[in-house]
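# Descriptive analysis of the structure
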Amino acid sequence: MDETTEPRQPADGPLGEISLPDRKRSPWWELGRRLLFALGILVGTVLLVWLDRAGYRDNTDPTGEVDLIDSIYYTTVTLSTTGYGDITPFAERARLVNAFIITPARIAFLVLLIGTTLEVLATQGREMFRVARWRKNMNDHVVVIGYGTKGRSAVDTLARNGIERSSFVVVDPKPIAREEANADGLAVIAGDGTRREVLRRAGISRASQVIITTDHDANTMMATLTVRQQNADAYIVAAVREHDNVPLLRQSGADSVVTSSEAVGRLLGLSSLSPTLGSVMEDLMTYGAGLEVAERDLLLNEVGKAPQTLPDQVIAVVRDEKVYRYFDPVVTLLARGDRLIVVRPSKEKPWAPRPGTHEEDRAVEDE
């Protein structure tokens, strides 16, 4: 990396380390494995020469005998293709062994060493190029701080509604969460989402949306403050466990705050009071089956109509960045620029107009 300072390294990996999807084994692991293979070839050849030492002659020794040290020496100069010629095979058996066993071993030895070196350099260069290209192209992306159940569900929902998985960056300190994010096709930054340096590596200043789902409300507030300091325009959505922390999150800079414990508790209560109502609520929150809650643009032929008269079941209208319930007198008649919050079959694309109206123009404000 291009950093001039070395931050303190966490126990589970380098701070701010970037891992892209489909990352293979470490090149250093591959290098170590191949060096062991090369060492095995070296040791095997030494034993082969030493066991067949009667077929070799040492031209620098008056006795001409070859001992273990001579076998090691002969093996190293032979496998490295140096070949000084001071020790030579003279027996026919030894010459055949050299031709059919030691020569292939020499080739394998060279391929392992030279090929591995080239592969390590190529792999490192390729990975550095991937990271540099990723950094260059990462703009208006979505940063997800915390890849647990909530973070994964948020990513799945956005991905199913048209956001490419290449547009997500996950920040998480836990190795298991990072592995799962990589397996889901997401880029990952290793580290604590409350630290400025980690968020900087995630390109937080260029992100369009930030989803914060940490394990503790205190960490969520700290992450929200840090994100807002580095990006004043990003839309921040944060999840908290306690409702009392919602005002603090909004003061910290969150645009939307979801109280997970209260939402689950309300669903439990509704299911206890009315199993059918509970099943409908669960259906609305489950993607891919039954009903969906979606937001869409107002169509040109819907301008001037009442929300209750539209084919979609309108439950709210967004006008001038404010949300009005469908029965509010302010939105008795729909106007250009309105957006609709509707309940519709989940088989339709959530953000698209209903079938049969795809070619209609949206009703936007005149410029």
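The present account deals with the structure reproduced in this document. (Residues numbered from 1 in each chain as written. Predicted model: local features only at pLDDT ≥ 70, side-chain atom pairs only at ≥ 80, totals over all residues. Heavy atoms only, no water.)

By the burial criterion, the buried members of helix H5 (residues 175-183) are Ala 177, Arg 178, Ala 181 and Asn 182. For H5, the arc enclosing every buried residue in end-on projection is 135°, short of the 170-degree limit, so these residues lie on one face. Opposite its buried face, H5 presents the exposed residues Ile 176, Glu 179 and Ala 183, each directed more than 90 degrees away. Gly 185 lies just past H5 and shows a positive phi near 85°. (Buried < 20%, exposed > 50% of the residue type's maximum accessible area, 1.4 Å probe, protein only. Helix = DSSP H or I, 4+ residues; strand = E, 2+ residues; numbered from the N terminus. Arc of directions from axis to C-beta.)

With that settled, the discussion passes to the side chain of Thr 214. In this fold, Thr 214 is placed in the loop between strand E7 (209-212) and helix H7 (217-230). Only 2.5 Å separates the side chain of Thr 214 from the side chain of Thr 220, close enough to count as a polar contact. When sequence neighbours within four positions are dropped, the list of residues in contact with Thr 214 reads Ile 145, Lys 150, Asn 219 and Thr 220. (Polar contact = N/O pair within 3.5 Å; in protein donor to acceptor, adjacent residues only side chain to side chain. Contact = heavy atoms within 4.5 Å.)

Our focus in this paragraph is the sheet that holds strand E12 (residues 322-325). Adjacent strands of a sheet form backbone hydrogen bonds with each other and so pair up, either parallel or antiparallel. Spatial strand order, E10-E13-E11-E12: four strands in an open sheet with antiparallel pairing. In the strand order of this sheet, the two ends are held by strand E10 (291-297) and E12, each with one partner. Between one strand axis and the next, the sheet turns by 30° as a mean value, whatever way the strands run. Sheet topology places strand E11 (residues 313-319) next to strand E13 (residues 339-345); five bridges connect them, and they run antiparallel. By the bridge assignment for E13, Gln 313 is matched with Val 343. (Pairing = 2+ DSSP bridges. Axes fitted to C-alpha atoms, helices over the stretch in contact; angles between N-to-C directions.)

Overall, the coordinates contain 12 salt bridges when judged by the stated rule. Here Glu 197 and Arg 201 are joined by a salt bridge, their closest N and O atoms 3.2 Å apart. Of this pair, Glu 197 and Arg 201 both sit in helix H6 (residues 196-201), separated by four residues, roughly a single helical turn. Since its relative accessible area comes to 23%, Glu 197 is described here as partly exposed. When the shortest N-O distance is used, the salt bridge between Asp 338 and Arg 319 registers 2.8 Å. Here Asp 338 is found in the loop between E12 and E13, whereas its partner Arg 319 is found in strand E11, with 19 residues between them in sequence. Assessed through its relative accessible area of 2%, Asp 338 is described here as buried. Bridged by salt links that share partners, the residues Asp 172, Lys 174 and Asp 215 form one connected network. (Salt bridge = Lys/Arg side-chain N within 4 Å of Asp/Glu carboxyl O.)

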